[in-house]
Amino acid sequence: MVTWNSEADVVVIGSGATGIPAATVAREAGASVILVEAQPRLGGHAIVSGGNVPLGGGTSAQKKHGIHDTPDLVFQDLTDWSVVQPNGFPDYRYNDREIVRAFADNNVSTYDWLVAHGVTFADKAPDERGGISVGNSVPREMHCAPLHWPLAHTGKPVDEAQRKTYSIGAGFMYPLIDAARQAGVDIRPEHRMTALHRENGTSGRITGIEVEHRGMRLNIQARKAVIIGTGGSIGNVNFRRMFDPRLTEEYCGLAGMPWSDQDASGEIAAMAVGAALWGLFNQTGEFGYGLTKAGHIGCQYGYRHLAWGPESEVFALARASGLWVADWQNVILVNMLGRRFYAETGGQFTANNYNSIATYVPGSYLNAKNIKYDPNNFINAAMAGIGDGHNGGGPIWAIFDAEAVAREKWVPKPPFVDMAEGFFFVAESITELAAKIRMKYQRLPMPPEQLAATVARYNSFVDAGEDTDFGKPQPRYKIATPPFYAAWATPVLHDTRAGLRINARCQVIDMQGAVIPGLYCGGESAGGFSQHGLARCAVQGLIAGRNAAAEAS
Ligand SMILES: Cc1cc2nc3c(=O)[nH]c(=O)nc-3n(C[C@H](O)[C@H](O)[C@H](O)COP(=O)(O)OP(=O)(O)OC[C@H]3O[C@@H](n4cnc5c(N)ncnc54)[C@H](O)[C@@H]3O)c2cc1C
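Residues numbered from 1 in each chain as written. Predicted model: local features only at pLDDT ≥ 70, side-chain atom pairs only at ≥ 80, totals over all residues.

K.L.:
Help me out: how do you make sense of the overall build of the chain in this one?
P.N.:
Helix and strand counts for the chain come out as 17 helices and 20 strands. Relative to its length of 553 residues, the chain is compact, with a C-alpha radius of gyration of 24 Å against a globular reference of 24 Å. Taking the principal axes of its C-alpha atoms as reference, the chain extends roughly 75 × 55 × 50 Å. Taking all 553 residues of the chain together, 56% fall into the buried category. Across the chain, the fraction of contacts at a sequence separation of at least 24, relative to all contacts at a separation of at least 6, is 75%. (Helix = DSSP H or I, 4+ residues; strand = E, 2+ residues; numbered from the N terminus. Rg over C-alpha atoms; globule rule 2.2 N^0.38 Å. Buried ≥ 20, exposed ≤ 12 C-beta atoms within 10 Å, placed from the backbone. Contact = placed C-beta atoms within 7 Å.)

K.L.:
Help me understand the site of the ligand, please; the structure alone is not making it clear to me.
P.N.:
With respect to spatial proximity, 45 residues lie near the ligand, and among them G14, G16, G44, G523 and G533 are the closest. By residue number, the principal contributor to the shell around the ligand is helix 2 (residues 44–48), which donates 4 residues. When grouped by side-chain class, the residues that make up the shell around the ligand number 14 nonpolar, 27 polar and 4 charged. Two domains each put at least three residues into the shell around the ligand: domain 1 (6–285 + 494–549) and domain 2 (294–346 + 397–488). (Near = placed C-beta within 6 Å. Nonpolar A, V, L, I, M, F, W, Y, C, P; charged D, E, K, R; others polar. Domains from an automatic or database assignment.)

K.L.:
In this structure, what is going on with the packing of helix 6 (residues 107–116) against helix 17 (residues 534–549)? I would like to understand it.
P.N.:
Here helix 6 crosses helix 17 at 90°, and the two axes come no closer than 10 Å. If you check the angle between helix 6 and helix 17, you find them roughly perpendicular. Contacts between helix 6 and helix 17 involve N107, T110, W113 and L114 from the former and A538, V539 and L542 from the latter. A class-by-class count of the residues in the contact of helix 6 with helix 17 yields 5 nonpolar, 2 polar and no charged. (Axes fitted to C-alpha atoms, helices over the stretch in contact; angles between N-to-C directions. Parallel < 35°, antiparallel > 145°, perpendicular 65-115°, else oblique.)

K.L.:
Got a minute to help me understand the nonpolar core in this structure?
P.N.:
Where a protein is soluble and globular, its nonpolar side chains tend to be buried together. Within the largest apolar cluster, 170 residues are counted, with the highest numbers of intra-cluster contacts made by V10, V226, I227, A487 and C521. It is helix 17 that contributes the most residues to this core, 10 residues altogether. Here this core spans two domains, since at least three of its residues come from each of domain 1 (6–285 + 494–549) and domain 2 (294–346 + 397–488). In this structure I227 touches V10, V12, I13, A22, Y520, C521, A544, G545 and A548, once residues within four positions along its chain are discounted. (Core = buried A, V, L, I, M, F, W, Y, C linked by C-beta atoms within 7 Å.)

K.L.:
How do you make sense of the packing of helix 1 (residues 19–28) against helix 7 (residues 170–183) when you look at a structure like this?
P.N.:
When two helices pack together, their arrangement is captured by the angle between the axes and the distance separating the axes. Viewed as axis vectors pointing N to C, helix 1 and helix 7 meet at an angle of 30°, and their least axial separation amounts to 9 Å. Judged by the angle between their axes, helix 1 and helix 7 are roughly parallel. In terms of crossing hand, the pair formed by helix 1 and helix 7 is left-handed. For the pair formed by helix 1 and helix 7, the contact residues are I20, P21, A23, T24, R27 and E28 on the first element and M173, L176, I177, A179, A180 and A183 on the second. Residues belonging to the contact of helix 1 with helix 7 are distributed by class as follows: 9 nonpolar, 1 polar and 2 charged. (Left-handed = near helix turned anticlockwise from the far one by under 90°.)

K.L.:
Got a minute to help me understand helix 17 in this structure?
P.N.:
One full turn of an α-helix is made of 3.6 residues, so residues set three or four places apart face in the same direction. An ideal rise of 1.5 Å per residue puts 22 Å on 16 residues; helix 17 measures up with 22 Å between its terminal C-alpha atoms. Within helix 17, 15 of the 16 residues are buried, which leaves it mostly tucked inside the rest of the structure. (Expected span 1.5 Å × (residues − 1).)

K.L.:
Where do I start with the environment of T79 in this structure?
P.N.:
Residue placement: T79 occurs in the loop between helix 4 (71–77) and helix 5 (97–105). Taking the number of C-beta atoms within 10 Å as the measure of exposure, T79 has 22 and is therefore buried. For the pair T79 and A368, spaced 289 residues apart in sequence, the C-alpha separation works out to 14 Å. In this structure T79 touches Y92, N95, R97 and V100, once residues within four positions along its chain are discounted.

K.L.:
Please clarify how the domain arrangement of the chain should be interpreted in this entry.
P.N.:
Interfaces are often sized by the accessible area lost when the parts come together. By the assigned domains, the chain splits into domain 1 (6–285 + 494–549) and domain 2 (294–346 + 397–488). Inter-centroid distance (C-alpha atoms) of domain 1 to domain 2 is 35 Å. Of the residues lining the interface, 17 residues belong to domain 1; the matching set on domain 2 comes to 17 residues. Class assignment of the residues belonging to the side of domain 1 that touches domain 2 gives a composition of 7 nonpolar, 6 polar and 4 charged.

K.L.:
Is there a simple way to explain the sheet that holds strand 14 (residues 397–401) in this structure?
P.N.:
Think of a sheet as strands paired side by side through backbone hydrogen bonds, with each pair either parallel or antiparallel. Spatially, the 4 strands line up as an open sheet ordered 13-14-16-15, and their pairing is antiparallel. In this open sheet, the two edge strands, each paired with only one partner strand, are strand 13 (332–334) and strand 15 (424–427). When strand polarity is set aside, the average angle formed by the axes of neighbouring strands in this sheet is 25°. Bridge analysis of strand 15 against strand 16 (residues 484–488) gives 4 bridges, and the strand direction is antiparallel. Bridge pairing in strand 16 places F424 opposite A487. (Pairing = 2+ DSSP bridges.)

K.L.:
Is there a simple way to think about the environment of F423 in this case?
P.N.:
With respect to the element layout, F423 can be found in the loop between helix 14 (402–408) and strand 15. Between the alpha carbons of F423 and E286 there is a distance of 27 Å; along the sequence they are 137 residues apart. Ignoring sequence-local partners within four residues, the contact set of F423 consists of G298, C299, Q300, A320, V417, D418 and W488.

In structure tokens form, the structure reads like this:
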């Protein structure tokens with residue numbers, strides 16, 4: 001028998017792109033709503049995101065700019081088997097048709113709802129910029145203007161002139177959080193859901209949740225339903241390794257952390273009461289931003305589109321902004337043993353977008369046939385490891401010299417780099433540098449003579465004008481002028497693209513294919529739908545919120 005500490009009709013877990021719309025729409029439908037958030041701050045990854053929102057299907061913004069789109073076209077695009085990346089991986093082939101149909105049919109109403117609840121989209125034609133996996137047929141990408149809101153990663157608003165043109169997640173989440181409060185949602189930060197309550201363990205209705213709040217265990221009853229909007233699983237090492245055994249602890253630079261984590265707590269709690277997972281191919285498919293090349297080096301959180309500034313409220317946790325690499329000719333990348341592994345100028349996986357397949361013919365095998373094959377294996381080479389039987393690839397270090405620092409105009413000291421936790425080292429010689437590289441993920445010491453040999457060989461490639469090891473296009477700069485530097489440049493994890501099995505109503509489904517009464521999920525914790533980001537989260541949040549509020553209590 002559970003002792004309830006508080007109760008509401010609907011209990012929502014997570015204050016991000018799924019949870020806040022879900023809670024607000026449920027409240028507006030007449031349900032009482034408690035929303036719990038694990039962090040002391042609200043907004044999840046959505047508030048640090050780029051705020052690029054792919055909503056189409058015939059929105060008023062599309063109509064205003066003469067773009068003809070329909071729900072059928074959105075559905076067709078996002079289930080097109082023939083769309084493949086240059087490495088052969090399909091973006092949409094394994095999407096669940098029922099889930100994508102529900103998404104497509106709710107694009108326009110979600111767009112209208114967001115605008116009605118304070119989101120200001122930049123007043124320009126929808127385009128293809130910023131978002132990924134949005135379909136080929138027509139432009140759909142909308143951009144959230146930050147207005148006066150402070151950005152999570154800088155702690156400051158953008159310049160006056162950019163407030164209606166810049167795109168950022170603060171412009172998406174702050175107005176929606178305000179709307180949730182105005183609607184009367186009871187928002188509870190620092191309440192971490194630790195378990196779901198179900199009538200008979202793994203059968204019957206979901207009755208509420210257990211939370212941890214400042215060391216206390218509390219139970220919150222949900223008279224109608226619980227909605228999971230916990231943001232995915234890619235931050236949980238054991239969980240993510242079910243999909244890809246290589247993703248061991250050293251991939252610690254999750255995009256969006258340390259604002260919030262993607263710790264799989266929603267998935268694990270739901271699985272404990274019988275839920276199934278869904279669409280698992282999408283998690284390992286080599287497309288999009290799931291695994292990314294570090295863009296900022298010398299810090300733990302090096303996601304290419306996010307540099308934490310000293311005035312951010314989480315900077316004490318992020319510890320460094322990183323050094324943005326403008327030209328990968330300025331560094332070599334080596335593994336834990338000081339060996340190069342690929343051409344440093346190589347990129348990450350790509351993703352499908354408006355116009356990214358020339359002469360796109362929906363559903364035609366010619367789409368796949370006309371793609372020029374390019375294995376684009378930088379990420380796989382980085383994760384290949386050192387052949388010592390470990391699954392993870394180990395740390396990747398960018399090695400460079402004082403002249404590279406000058407060319408890039410870097411300032412190689414805090415707050416740009418994280419020396420305290422061992423994500424950045426400096427030394428007067430290459431051998432001394434290798435000897436200094438000691439930190440928790442460097443499971444073997446880097447042999448100084450190996451790094452010296454790697455640098456000498458690379459310098460000989462610069463002399464010869466050709467990289468005969470990895471084909472880096474015309475290696476340009478020797479690494480020869482002290483001091484020398486080693487900066488953390490290990491791949492960064494981003495999206496979760498598989499999660500709990502849901503149906504078109506966003507109800508969670510169990511291992512027998514039956515609905516778990518009173519349990520809903522959306523966003524990155526839900527499976528079956530390979531699409532990056534905010535649009536599917538907001539759409540599914542609204543679907544879940546409406547249906548949860550309509551349940552009998
Ligand atoms: C740097 C960056 C840039 C991005 N740019 C874009 C973009 O331009 N366009 C786009 O479409 N997408 C973008 N994304 C992706 C987008 O932000 C996410 O897909 C989206 O926010 C996911 O929404 P969600 O509701 O599933 O999770 P989130 O928005 O992350 O919200 C989940 C919330 O649940 C909380 N939570 C987790 N576990 C618990 C628990 N046990 N108890 C209580 N609370 C819990 C978390 O703390 C978090 O606040 C970006 C992401 C990042 C990190």
